[in-house]
Amino acid sequence: QVRLVESGGGLVQPGGSLRLSCAASGSIFSIYAMRWYRRVPGKEFELVATVTSDHRTDYADSAKGRFTISRDNAKNTVHLQMNSLKPEDTAVYYCSAEVQAHRGLVPDEFWGQGTQVTVSS
């Protein structure tokens, strides 16, 4: 099985910064895209950022210019550096990874359990 574990969430004041991390482990032959999502209760999941295996990135408009997604392919980790945080960034943040568990198989997307980010005074 594949497991993703997020860390780095917490309480931060508006304008502050947090760095989220996510490590993938288990049966992994290759990881393609990795992503960060967030969800506020009662609302849809929002795709925040994507990074491909060759380090191409894409961001939601709400995150562009403030957030940076990065990955370390050797360590099977993905990070989300969040600066200039706003109260509307408050959400549970989830990482995902498109994982090819074995050679020759089509990748499946796996999700972590999420980490809470609260931006408040």
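Notes on the structure in this doc start here. Note that the structure is predicted; figures quoted are calculated from it, not measured. (Residues numbered from 1 in each chain as written. Predicted model: local features only at pLDDT ≥ 70, side-chain atom pairs only at ≥ 80, totals over all residues. Heavy atoms only, no water.)

## Observations regarding the pairing of strand β11 (residues 115–119)
Okay, so step 1: Burial along β11 is one-sided: the face carrying Thr115, Val117 and Val119 is buried and the face carrying Gln116 and Thr118 is not.
Okay, so step 2: Taken together, the three bridges between strand β2 (residues 10–12) and β11 define a ladder with parallel strand orientation. Directly across from glycine 10, in β11, lies its bridge partner valine 117.
Okay, so step 3: By the bridge criterion, three bridges tie strand β9 (residues 91–100) to β11 in an arrangement that is antiparallel. The partner of tyrosine 93 across the bridge, within β11, is threonine 115. (Buried < 20%, exposed > 50% of the residue type's maximum accessible area, 1.4 Å probe, protein only. Helix = DSSP H or I, 4+ residues; strand = E, 2+ residues; numbered from the N terminus. Pairing = 2+ DSSP bridges.)

## Quick look at the sheet that holds strand β3 (residues 18–26)
Okay, so step 1: Taken together, the four strands give an open sheet; going across it, the order is β1-β3-β8-β7, and neighbouring strands pair in antiparallel fashion. One side of each edge strand has no neighbouring strand; the edge strands of this open sheet are β1 (2–7) and β7 (67–72). Going across the sheet, the axis of each strand differs from the next one's by a mean of 15°, ignoring polarity.
Okay, so step 2: Bridge analysis of β7 against strand β8 (residues 77–82) gives six bridges, and the strand direction is antiparallel. Across the sheet, the residue bridging to threonine 68 is glutamine 81, located in β8. (Axes fitted to C-alpha atoms, helices over the stretch in contact; angles between N-to-C directions.)

## Structural notes on the pattern of salt bridges
Okay, so step 1: Following the criterion strictly, the structure yields seven salt bridges and no others.
Okay, so step 2: As a salt-bridge pair, glutamate 98 and arginine 35 come within 2.7 Å of each other at their nearest N and O atoms. With a gap of 63 residues between them, glutamate 98 in strand β9 and arginine 35 in strand β4 (residues 30–39) connect regions that are remote in the sequence.
Okay, so step 3: Take arginine 35: its relative accessible area is 16%, and that puts it in the buried class.
Okay, so step 4: Across the pair aspartate 89 and arginine 66 runs a salt bridge whose closest N-O atoms are separated by 2.7 Å. Remark: arginine 66 occurs in the loop between β6 (57–59) and β7 and aspartate 89 occurs in the loop between β8 and β9; sequence separation between them is 23 residues. Comparing aspartate 89 with arginine 66 shows no difference in burial state: the two are buried.
Okay, so step 5: Each of Arg38, Glu46, Arg66 and Asp89 takes part in a single network of salt bridges with overlapping partners. (Salt bridge = Lys/Arg side-chain N within 4 Å of Asp/Glu carboxyl O.)

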